[in-house]
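Report on the structure
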Amino acid sequence: MTTNPTTSPTTTGSTVTRMQANVEGGKMIADYWENIFTAPERGKKVVWYNGSALNPIFQAAGLEWCHGEAFSARLAAQHLEGPAQLAGAEYGYIQELCSYSRTHLGCAVLSNGGGPTPGGETGVVSALDQQELASKLPKPDFFVNAYSGCSTGQQWDEVTYRVFGKSVPIFNVSIPFLWGNKPDSRYMGGQEWDEATDYVVAQLRDLITFIEAQTGRPFDWDALSESMSYIRTASELRLEGMDLCAKKPTPATYWDWIASVAHINFLPGNQELVDYFRSVRDEVQYRVDNEVSALQNERYRLYFDGIMNWNKLGWLAKRFAEYDAAVIAGRYTHSSFWQEPQIIDPNDPLRGMAQHYLLCPINHSLPTLDYLTQRDCERFDIDGLVFHSTRTCRAFTNPQTMLASSAKEHLGIPAMFFEGDVADASFYKDDILESRLVAMLESIDVRRAKAGV
Amino acid sequence: MNAPLHRLAEVAADPDAYVVAWKQSHPGRKVAGVLPMNFPEELLHAAGFLPVVIQENRDPDSDGRVILAEFYCGYTRNLADQAAKGKLDIYDTYFVADHCVQLLGAADVMRFKAPGTPIYFGQFIASMSEESTARKVRNEMEHIVGEVERGAGTPIDRERLAESIRLYNTDRRLLRMIFDARREGRIHLSGAQMQDLVKSSMVMDKAEHVALLEQLLTEGIAAGGSQARVKLHLSGHFCHAPKQELLDLIEDCGAMIVDDDLYHGRRYITTDVREDLDPIEALSTWYFDRNVNVPCPTRVQHDADWDTYLSNAVSESGADGVIVLMAKFCEPHMLLYPELRKMMDERDTPYLLIETEHEGLPMETIRTRIEALVERISRKATVAAAL
């Protein structure tokens, strides 16, 4: 039975003050996708890609780019993932497969003309839905894969390539996993880091050669520098806003930063992007200056580990707020997406880009993730950790229990786990989330009582 | 059962006991635990290690259950359990070359539980079609050599490495002779016995294994013994061995296993390391050759098709059908499976997908499904004969 948050002794039921900047930001996302959907009629070439944020390269090459995970996330967030997942299931993809890939491959099946036999109708997806999805997502002119951390990512695009009958060119950029083999291995340092950087930079040059062959045009290096200059500035503004959330109560939450993931991850690097993140930073600063908190009554400060559960984004924000729990930061938002802008040199951008691809938060082994988690828990004075045990995302779930143990041992803070998924709502269990959240908050209360706080 | 088969089965049934006994009889020597599926064991052998591909054990997962989530494959969860229980303490060091997110999750657990045991990840890039990959794999091989030498405390002698390569090639060649003879119907060994041959090879000192295989071949393997109605090819099941009771069940349902592409089967033994190249170069080449000979969905190679391989293998063996054994939650296998399915539908080959888990299988449910497959194949043959 679900606890009524209005009567629970641990809740006062905060409401969330949403950031206005994200309302405008939502329009930018809608415009971006509309632009993708109309690419063929504008005579633009479309690249499907997965993994790392290669979009500045595509932008400089005059392409339209469609990020597979982003499209799956969008469908899930809009609760439109069903037809694509059904088409994928009919084609033969098992439900335990990464739901990003399952959704995206379902779209590929539909884009390629239907069910298991190319051109055949699918038996489970209505003709209307089939037509809607298939006509919306343009077929790719080529694929590029540059997946960090998760081995499934590279295999997923290879299978997409096969779903399209190997008729669409593909290029893979391999991002080495940062295991920490050497005694000098550390976050952004050591021999392993340097060698991996050199390797990825060389592949990016090969990628640009491949793209030149696809477009028939020389690559515009100046355009890449310009785009990366905007992205660097946007990232700096984003991080300034995040830093302001060290204040108690926090002026913005993890959920606000989730709302701007798409922007920093794949929107064009341009003045509009900078303006958007300036508006975000300014709004957070305004809140700090005017004592406006994100939650009405912040009593707990939490850290979120795991990839986003896109089906439940708004739901989760409200769920935590009901218990006065401000989720402040997370691995997905704070250790991702051009998060080290100081290493981007707009005049020679490839090295900093390669390094950011290596810095994907699923591309580290446990020691580095321990470092990042504990760094942010201390930085934001976190009371507890929330782990989203993401059913079909093994990459993000990999080290979670060990991260929880380490945080308990080194920082003395408790953790909770809840089950869900990136893009398949059937794996989410609300009662489990609620009961475990209540238990963790009570343990925080006990700890405070013992400490006389 | 003759003596060599008995010994190989004994080692396959309890690899840990073999490792412990080997250490006792080789004082001062080290055992290197290798995680599947592409690490070149020859390097470790040449450096004086006993290389052992760490096997899933039979114990129910308990201590490790809470470390890796339940949606990891049976092998990686069992590795975590073995690490949590200290069962892996028999190894002096670990080596990994495969970038599988679940395998690396298990490796992280192994390092977390035994921080004093070195674990080296020498990543062999999985995307095989790019020109840069060959150079990268060659460089990584040099790094691995350095790490192996560091662990051994002595440089690897190239001539000794060449000897190790020859020894491993001999083992693979002898195993292939047996696998080929089974495919051609010249011998009969059960699925479990065939698995014993390969699994013991992953564990034992290679010279000892070769000697047992030579003895087995000299003594001869019987040809008859099967009353099977249909011939099957077993496909898939990476990293760890399918449970022998499942193989027994397949045969008990009236099927004879004539060929496979299992990791604990033909996949492991398919490719020799070239002896006409510099040994390090040859080991790098071996990595690429393997994926051409039996394509693996953990690799990304545009012109290597597992579905085509499987189709050809079925034609060559005359198998009437295919059972796809999938370790539950194995993502590369889940991704490629529809392509296999499409191929089998196109060639009208009956097939069955069975997902396996560490914690046992619903055998009677599976029996019904296998019997249905066998029945379907039998009826198909009857109808074809009547036409």
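Residues numbered from 1 in each chain as written. Chains lettered and ligands numbered in written order. Predicted model: local features only at pLDDT ≥ 70, side-chain atom pairs only at ≥ 80, totals over all residues. Heavy atoms only, no water.

Scanning chain A for helices and strands turns up 19 helices and 8 strands. When the backbone C-alpha atoms are referred to their principal axes, chain A occupies close to 70 × 50 × 45 Å. Counting across all 453 residues of chain A, residues that qualify as buried make up 63%. Surface accessibility of chain A: about 15,700 Å² in total, with carbon and sulfur atoms responsible for 51%. Across chain A, the centroid of the 39 positively charged side chains sits 3 Å from that of the 56 negatively charged ones. (Helix = DSSP H or I, 4+ residues; strand = E, 2+ residues; numbered from the N terminus. Buried < 20%, exposed > 50% of the residue type's maximum accessible area, 1.4 Å probe, protein only. Areas by Shrake-Rupley, 256 points an atom, 1.4 Å probe, with all protein chains shown as cover. Lys, Arg positive; Asp, Glu negative; His and termini not counted. Charge placed at Lys NZ, Arg CZ, Asp CG, Glu CD.)

All names here are of chain B. On domain assignment, one finds that chain B holds domain 1 (10-156) and domain 2 (227-386). The centre of domain 1, based on its C-alpha atoms, is set 25 Å off from the matching centre of domain 2. Listed by partner, the interface residues are 41 residues for domain 1 and 33 residues for domain 2. Buried area between domain 1 and domain 2, both sides added, is near 3,100 Å², and the carbon and sulfur share of it is 57%. Here Asp98 makes a salt bridge to Arg299, at a shortest N to O gap of 3.1 Å. In terms of residues, the side of domain 1 that touches domain 2 owes the most to one element, helix 6 (residues 131-152), which gives 7 residues. (Domains from an automatic or database assignment. Contact = heavy atoms within 4.5 Å. Buried area = accessible area lost by both parts, 1.4 Å probe. Salt bridge = Lys/Arg side-chain N within 4 Å of Asp/Glu carboxyl O.)

A few words on the pattern of salt bridges. This structure, assessed with the given rule, holds 63 salt bridges over all chains. Salt-bridge contacts for A:Asp324 lead to A:Arg299; the nearest nitrogen and oxygen are separated by 3.0 Å. Taken together, the residues A:Asp324 in the loop between helix 13 (313-322) and strand 6 (325-330) and A:Arg299 in the loop between helix 12 (271-289) and strand 5 (300-305) connect sequence positions 25 residues apart. Owing to a relative accessible area of 27%, A:Arg299 belongs among the partly exposed residues under this scheme. Close ionic contact of A:Asp383 with A:Arg448 constitutes a salt bridge, the shortest N to O distance being 2.9 Å. One end of the pair, A:Asp383, is in the loop between helix 16 (366-379) and strand 7 (384-390); the other, A:Arg448, is in helix 19 (residues 430-451), and 65 residues separate them in sequence. Each member of the salt-bridge network shares a partner with another, and the members are A:Glu96, A:Arg391, A:Arg394, B:Glu70 and B:Glu331.

Each side of the interface is counted separately: chain A has 55 residues, and chain B has 54 residues. Between chain A and chain B lies a buried interface of about 4,600 Å² when both sides are counted; carbon and sulfur atoms form 56% of it. Inspection of the region where chain A meets chain B yields 4 salt bridges. Its salt-bridge partner being B:Glu70, residue A:Arg391 comes within 3.0 Å of it at the nearest N-O pair.

Let us look at the sheet that holds strand 1 (residues 46-51) of chain A. Whether parallel or antiparallel, the strands of a sheet pair through hydrogen bonds between backbone atoms. All names here are of chain A. Read from one edge of the open sheet, 4 strands run 2-1-3-4, paired in parallel fashion. The open sheet has two edge strands with one neighbour each: strand 2 (64-67) and strand 4 (170-172). Across the sheet, the mean angle from the axis of one strand to that of its neighbour is 20°, orientation sign disregarded. Here strand 1 runs beside strand 2; their pairing, made up of 4 bridges, is parallel. Counterpart to Tyr49 in the pairing with strand 2 is His67. Taken strand by strand, helix 3 (residues 68-77) contacts strand 1 and strand 2, and its axis lies near 65° from that of strand 2. (Pairing = 2+ DSSP bridges. Axes fitted to C-alpha atoms, helices over the stretch in contact; angles between N-to-C directions.)

Of the residues in chain B, 99% have a pLDDT of 70 or more, and the chain-wide mean is 96. Listed scores for the predicted complex are pTM 0.95 and ipTM 0.95. (pLDDT = per-residue confidence, 0-100.)

Inspection of every chain in the model, using the stated rule, returns 10 cavities of 30 Å³ or more. Volume-wise, the largest cavity comes out at about 240 Å³. Lining the largest cavity are 22 residues, and of these B:Cys100, B:Cys239, B:Thr298, B:Cys330 and B:Pro332 lie nearest its centre. Counting only elements with at least two residues in the lining of the largest cavity, the list comes to helix 7 (151-163) of chain A together with helix 5 (101-113) and helix 14 (331-346) of chain B. For the lining of the largest cavity, a count of residues per class yields 12 nonpolar, 7 polar and 3 charged. Taken together, domain 1 (10-156) and domain 2 (227-386) of chain B each give at least three residues to the lining of the largest cavity, which thus spans both. Here the second largest cavity is characterised by a volume of approximately 200 Å³. Taken together, 15 residues line the second largest cavity, and the ones lying closest to its centre are A:Asn181, A:Glu192, A:Glu195, B:Lys136 and B:Glu140. The class makeup of the residues in the lining of the second largest cavity is 6 nonpolar, 4 polar and 5 charged. (1 Å grid on protein atoms, 1.4 Å probe; cavity = no way out; pocket = protein on both sides within 12 Å on 5 of 7 lines; lining within 4 Å. Points joined across faces, edges and corners; volume = space filled by probe spheres on them. Nonpolar A, V, L, I, M, F, W, Y, C, P; charged D, E, K, R; others polar.)

Taking 1.5 Å of rise per residue, the 13 residues of helix 8 (residues 191-203) of chain B would be expected to cover 18 Å, and the 19 Å separating its terminal C-alpha atoms lies within 8% of that figure. Across the 13 residues of helix 8 of chain B, 13 count as buried, placing the element largely inside the fold. (Expected span 1.5 Å × (residues − 1).)

Moving on: the layout of surface pockets. Volume-wise, the second largest pocket comes out at about 590 Å³. Looking at the second largest pocket, it is lined by 25 residues, and the ones nearest its centre are A:Glu419, B:Arg65, B:Leu68, B:Ala69 and B:Glu70. Taken together, the elements giving at least two residues each to the lining of the second largest pocket come down to helix 18 (400-411) and strand 8 (415-420) of chain A. Counting residues per element, the lining of the second largest pocket draws most heavily on strand 8 of chain A, at 3 residues. Across the lining of the second largest pocket, the residue classes tally to 8 nonpolar, 6 polar and 11 charged. A domain split of the lining of the second largest pocket shows at least three residues from each of domain 1 (10-156) and domain 2 (227-386) of chain B.

All names here are of chain B. Residues Val31 and Gly33 point to one face of strand 1 (residues 31-34) and Ala32 and Val34 to the other, with burial holding for every one of them. Pairing of strand 1 with strand 2 (residues 50-53), which is carried by 4 bridges, proceeds in the parallel orientation. Across the sheet, the residue bridging to Val31 is Leu50, located in strand 2. Note: strand 1 against strand 3 (residues 93-96), 3 bridges, orientation parallel. Looking at the pairing, Ala32 lines up with Thr93 of strand 3.

All names here are of chain A. Its place among the elements puts Glu81 in the loop between helix 3 and helix 4 (82-91). It turns out Glu81 is buried and unbridged, and the closest side chain with the opposite charge, Lys312, is 8.7 Å from it. Of note is the side chain of Glu81, whose polar atom sits 2.8 Å from the side chain of Asn311. Residues contacting Glu81, with those up to four places away along its chain left out, are Leu75, Ala76, Thr103, Asn311, Ala423 and Ala425. (Polar contact = N/O pair within 3.5 Å; in protein donor to acceptor, adjacent residues only side chain to side chain.)

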